[in-house]
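Structural characterization, general
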Amino acid sequence: MSHRLGPGSPPGVWVCSTDMLLSVPTNPGISWDGFQGARVIALPGSMTYAQNHGVYLTDSQGFVLDIYYQGTKAEIQQCAKPDGRVPLVSGIAFFSVETAEHLLATHVSPPLDACTYMGLDSGARPVQLSLFFDILLCMARNVRREDFLVGRPPEMGQGDVDVADYLHGARAELWRELRDQPLTLAYVPDGSYSYMTNSASEFLHSLTFPGAPGAQIVHSQVEERQLLGTGSSVVSCLLEGPVQLGPGSVLQHCHLRGPIHIGTGCFVSGLDAAQSEALHGLELRDLILQGHHMQLHGSPGRAFTLTGRLDSWERQGTGTYLNMSWSEFFQKTGIRDWDLWDPDMPPTERCLLSARLFPVLHRSRALGPQDMLWMLDPQDDGGKALRAWRTSWRLSWEQLQQCLDRAATLASRRDLFFRQAQHKVRRVLEARQDLSLRPLIRAAVHEGCPGPLMATLDQVAAGAGDPGVAARALACVADVLGCMAEGRGGLRSGPAANPEWVQPFSYLECGDLAGGVEALAQERDKWLSRPALLVRAARHYEGAGQILIRQAVMSAQHFVSMEPVELPVPGQWVVAECPARVDFSGGWSDTPPLAYELGGAVLGLAVRVDGRRPIGARARRIPEPELRLAVGPQQDKMAMKIVCWSLDDLQDYCQPHAPGALLKAAFICAGIVSIHSKLPLSEQLLCTFGGGFELHTWSELPHGSGLGTSSILAGAALAALQRAAGRAVGTEALIHAVLHLEQVLTTGGGWQDQVGGLMPGIKVGRSRAQLPLKVEVEEITVPASFVQKLNDHLLLVYTGKTRLARNLLQDVLRSWYARLPDVVQNAHNLVQHTEACAEAFRQGSLPLLGQCLTSYWEQKKLMAPGCEPLAVRHMMDVLAPHVHGQSLAGAGGGGFLYLLTKEPRQKEALEAVLAKTEGLGNYSVHLVEVDTQGLSLKLLGTETST
């Protein structure tokens, strides 16, 4: 109603029946131009179907002329549309405000006040009216007043004279109030209508898709899907082993263990694994088998009913049972009519509804489906099954309805739903499927069932041979804990180094996955009592996942190789200089675990800023057996200096915010120092190198620039150190070495920054969806002189905002591990978009590249909501008329904005535009050009240390 039939309608009142199933296209094409009065919605049906239903007769303009109920053949044919179908009375009507007010006015007028509590509470006799055959019928144009006043709705039948008098008065009042209101019809030819009846065939039809190519499987786990027939339906079931289901059959709320063969035209519901054994060796056809929860005098129990799909539930007529006549049934089974009905019950009332067929209690054992299934094929067992049936307490269908325990039924269905959900969780994780488990997690928490779900996640994590599967399972546990906090307890992202969790983490660090998962679960149990503890526990589970990601990324070490070269003399500086990088497409796809679960592709440019290569490092050997570290500007005086004399001075190498942590990690990753060695630092340095080292790193870019500074700096530091230690490392090996270093440093991060800044020019880095993690780089060839053209049109604007988005990475990983559909789709788009962007570079098209940048920024915002501060949005809006496209560098949130201008050499022009704009803060505009050199390494002359 809200999204298909309702849109576009004027103010008014919709009235909807609930005894039908409607299928309506997304846009049914209902026009409301010039609408007045009331309108009925009609869906098509066959003339045969219409013989038992209501149909509308309309004129060419859509005005309703008459409404027929169970009309004659001639009347129904009169209503037919050109396609031979007729507009059925489909249970939906709309009243405009004016018509609704006219109808409302009648509720205080006798005798219509007797339709409401106003009249009833005044002592009036109740009057029953039909929406379609009283209220709407009086608006139909061909209906005459005298015919309308003496008629009665089909629901009433032929009652006494008093009712006729009341009805005459009520209809007269309706005629007076509503006759002048136009009634029009909206026909939806592509829809379908099905009235809900007691027919099992129609019920099955409504639950299946006869034209569907395969089976419909909803909230169910099926081990052997190939055994499900076309057009069959399985809802909230767990099917283990070979369970064959025929075309058009339906299973609901069952846990079945094969081998089981259910043929065509069956409906089976409410059976558990133990009860399903009764189906072994049988083939059901055209049967309805249901398990029921019930209460007998306050005691819970189970009952099972078996009926035929073609059985008649009407009270009139001869009737059938199990798709055969009663006489045939009696002859086949030995049951007699006195077993089913009292002798004094008139034959006309002896029907399926009143037959005491269904055992509800046996004196010596629990009941099962076999207590009904024996009737299908009575065996030569000396009448044993018949005697057991006769000695059971039995109820009729009508009597059974009074004893059903609906609370127990719903509880049982919930338990089965979560049982199959646990199987689904295991399958999705172990098969690495891109399905989101978050809806299941929310359901489990809201239904009070998080414990079994977390136990299943623990089992998957502990038994996973793949660190990626285990990490995702732990992330799902974190989601369960976060969901249990119900939005309270503080931010999900934050620190994860509480001493209580050190022991479980140490197991994971040592590679003992099963021991780590068990220790995590034991610690988790202590943190479930209130929201703040739950959120902190969730953070530590994400921290545990980071350990496993780290171990997966460490596999990049496989691709780090080096060659021995001549050792520089003590005091000789090795200087490494690097450009910054600008990402044009694909960022985030290089971030673990996306880099090895989805596969990454990023297009990046090595760039000089204001003509300079802003990132560098220098290293040299010194005679003293110590490590001297300097971080800061290239001119030594301003640098922060640290001297490490012992291994203790290096212990904070894995705390990213500790002074000099990156440089300390570089010494460890370069293999110059072994942090776990029993030899003191001085001995290690003297034995291998005859002295110590001095390492100085610098960056001329502001912190949080988004231009890949820290990763490129790590690459420069490693390159300089390794060369100073007498080793040559290729650039591709260096890319993998930086991945390793950033995991040791525990900052995480992907590979795009070092690819962008260490490799020259314009290139695409790619990693496959596999471990070990390997990055391959392809240089993009562009048309002659295009690089110069690009330099003339590319500008950097420092936004003045330091990127504060510390938690962006955690938020993105959380969304990826949850496999949120939008995030998964966006991640795939990032990778595909990179190939399109590479093609735009090959063509040398600035407008195309501008489109790439614009859509890339939209993709970044989808990946990490909140990465676009308001001040930056304001700046981008101001610049938009002057550029082909623009994006914040890196993850966003601040730092540098890069743009492709429509006109060349626009630095001064854009500075003037920004100067006129208020509220932009401390921005600056910078020239940028493509760097065609990448990492450069040179040996200088010796000089004494200051």
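Not measured: the values here are computed from a predicted model.

If you tally the helices and strands in the protein chain, you get 32 helices and 40 strands. Computed over the C-alpha atoms, the radius of gyration of the protein chain is 39 Å, more than 25% above the 30 Å expected from 2.2 N^0.38 for a compact globule of 946 residues. Across its three principal directions, the C-alpha atoms of the protein chain cover 120 × 75 × 55 Å. Counting the 946 residues in the protein chain, one finds 53% classified as buried. Taking as baseline every contact in the protein chain between residues at least 6 positions apart, the subset at least 24 positions apart corresponds to 67%. Per element, the accessible surface of the protein chain, about 41700 Å² overall, is 52% carbon and sulfur.

With 177 residues, the main nonpolar core has Phe584 and Phe841 as its most contacted residues. With residues near it in sequence (within four places) discarded, phenylalanine 841 still touches Phe584, Leu603, Leu605, Ile762, Ile780, Val782, Pro783, Phe786, Leu790 and Leu849. In terms of nonpolar packing, the next biggest core, distinct from the first, is built from 44 residues, Ile262, Ile335, Phe358 and Leu373 among them.

With that out of the way, let us pick up helix 32 (residues 907–915). If you check which residues of helix 32 are buried, you get Lys907, Leu910 and Leu914. Across the axial projection of helix 32, the buried residues extend over an arc of 70°, all falling on one side. Away from the buried face of helix 32 by more than 90 degrees, exposed residues Glu908 and Ala915 are located.

Bringing the UniProt feature "domain: GHMP kinase N-terminal" (unreviewed entry) in the protein chain into the picture now. Mapped onto this numbering, the UniProt entry annotates "domain: GHMP kinase N-terminal" (unreviewed entry) at residues 688–756. Span residues 688–756 is 54% helix and 16% strand, its end C-alpha atoms 34 Å apart.

Under the defined criterion, the tally for this structure stands at 49 salt bridges. Put simply, glutamate 523 and lysine 526 hold a salt bridge, and the shortest N to O gap is 3.3 Å. On the basis of relative accessibility, which here comes to 55%, the residue lysine 526 falls in the exposed class. Each of Arg438, Asp479, Arg492, Glu542, Asp811 and Arg814 takes part in a single network of salt bridges with overlapping partners.

What follows is about the pairing of strand 26 (residues 572–578). Strand 26 sits mainly inside the fold: 7 of its 7 residues count as buried. Relative to strand 29 (residues 615–622), strand 26 runs antiparallel, the two sharing 5 bridges. Opposite glutamate 577, over in strand 29, you have glycine 616 as the bridge partner.

So, on to the sheet that holds strand 17 (residues 267–269). Spatial ordering of the open sheet is given by 9-11-14-17-19-20, a layout of 6 strands whose pairing is mixed. The open sheet has two edge strands, strand 9 (216–218) and strand 20 (299–308), and neither has a second partner. Shown here is a sheet whose adjacent strand axes are inclined to one another by a mean of 15°, direction ignored. Bridge count between strand 11 (residues 233–235) and strand 14 (residues 250–252): 3 bridges; the pairing is parallel. Following the sheet pairing, serine 233 is matched in strand 14 by valine 250.

Nonpolar side chains collect at one region of the surface, where Val108, Tyr117 and Met118 lie side by side and expose about 330 Å² of accessible area between them. Tracing the chain through its elements places tyrosine 117 in helix 4 (residues 117–120). Judged by relative accessible area, which is 58%, tyrosine 117 ranks as exposed.

In space, the 3 strands of this open sheet follow the order 13-16-18, with parallel pairing throughout. The two strands at the open ends of the sheet, each matched to only one other strand, are strand 13 (243–245) and strand 18 (283–284). As defined by bridge partners, strand 13 adjoins strand 16 (residues 260–262) across 3 bridges and the pair is classed as parallel. Residue pairing in the sheet places glutamine 244 in a bridge with histidine 261 of strand 16.

Moving on to the packing of helix 22 (residues 661–669) against helix 24 (residues 709–724). Packing of helix 22 against helix 24 leaves a shortest axis separation of 10 Å and a crossing angle of 45°. When the axis of helix 22 is compared with that of helix 24, the two are oblique. Both helix 22 and helix 24 take part in a crossing whose hand is right-handed. Across the interface between the two elements, Leu662, Ala666, Phe667 and Cys669 from helix 22 touch Ser710, Ala714, Ala717, Leu718 and Leu721 from helix 24. Here the residues of the contact of helix 22 with helix 24 sort into 8 nonpolar, 1 polar and no charged.

In helix packing, the relevant descriptors are the interaxial angle and the interaxial distance, both defined with respect to the helix axes. Taken N-terminus to C-terminus, the directions of helix 16 (residues 450–463) and helix 19 (residues 513–524) make an angle of 155°; their axes are 8 Å apart at the nearest point. Our classification of the angle between helix 16 and helix 19 gives roughly antiparallel. Helix 16 and helix 19 meet at a crossing whose hand is right-handed. On helix 19, the residues touching Met454, Asp458, Ala461 and Ala462 of helix 16 are Leu513, Ala514, Val517, Ala521 and Arg524. Of the residues belonging to the contact of helix 16 with helix 19, the class tally is 7 nonpolar, no polar and 2 charged.

A cis amide bond links proline 110 to the next residue, proline 111, at an omega of 0°. By the secondary structure assignment, proline 111 is in the loop between helix 3 (97–105) and helix 4. That bond from leucine 771 to proline 772 is cis: its omega, 0°, falls within 30 degrees of zero. Among the secondary structure elements, proline 772 is positioned in the loop between strand 34 (762–767) and strand 35 (775–779). Although it is not a glycine, leucine 322 sits at a positive phi angle of roughly 55°. As for its position among the elements, leucine 322 is in the loop between strand 21 (320–321) and strand 22 (324–325). Despite not being glycine, arginine 905 shows a phi value in the positive range, around 50°. Examined against the element boundaries, arginine 905 turns out to sit in the loop between strand 38 (896–901) and helix 32. With relative accessibility at 59%, the residue arginine 905 sits in the exposed group.

Conventions we followed
- Residues numbered from 1 in each chain as written.
- Predicted model: local features only at pLDDT ≥ 70, side-chain atom pairs only at ≥ 80, totals over all residues.
- Heavy atoms only, no water.
- Helix = DSSP H or I, 4+ residues; strand = E, 2+ residues; numbered from the N terminus.
- Rg over C-alpha atoms; globule rule 2.2 N^0.38 Å.
- Buried < 20%, exposed > 50% of the residue type's maximum accessible area, 1.4 Å probe, protein only.
- Contact = heavy atoms within 4.5 Å.
- Areas by Shrake-Rupley, 256 points an atom, 1.4 Å probe, with all protein chains shown as cover.
- Core = buried A, V, L, I, M, F, W, Y, C linked by side-chain atoms within 4.5 Å.
- Arc of directions from axis to C-beta.
- UniProt positions renumbered as here; feature names shortened; annotations may be inferred.
- Salt bridge = Lys/Arg side-chain N within 4 Å of Asp/Glu carboxyl O.
- Pairing = 2+ DSSP bridges.
- Axes fitted to C-alpha atoms, helices over the stretch in contact; angles between N-to-C directions.
- Patch = residues over 30% accessible without salt bridge, like charges linked within 9 Å, V, L, I, M, F, W, Y side chains within 5 Å.
- Parallel < 35°, antiparallel > 145°, perpendicular 65-115°, else oblique.
- Left-handed = near helix turned anticlockwise from the far one by under 90°.
- Nonpolar A, V, L, I, M, F, W, Y, C, P; charged D, E, K, R; others polar.

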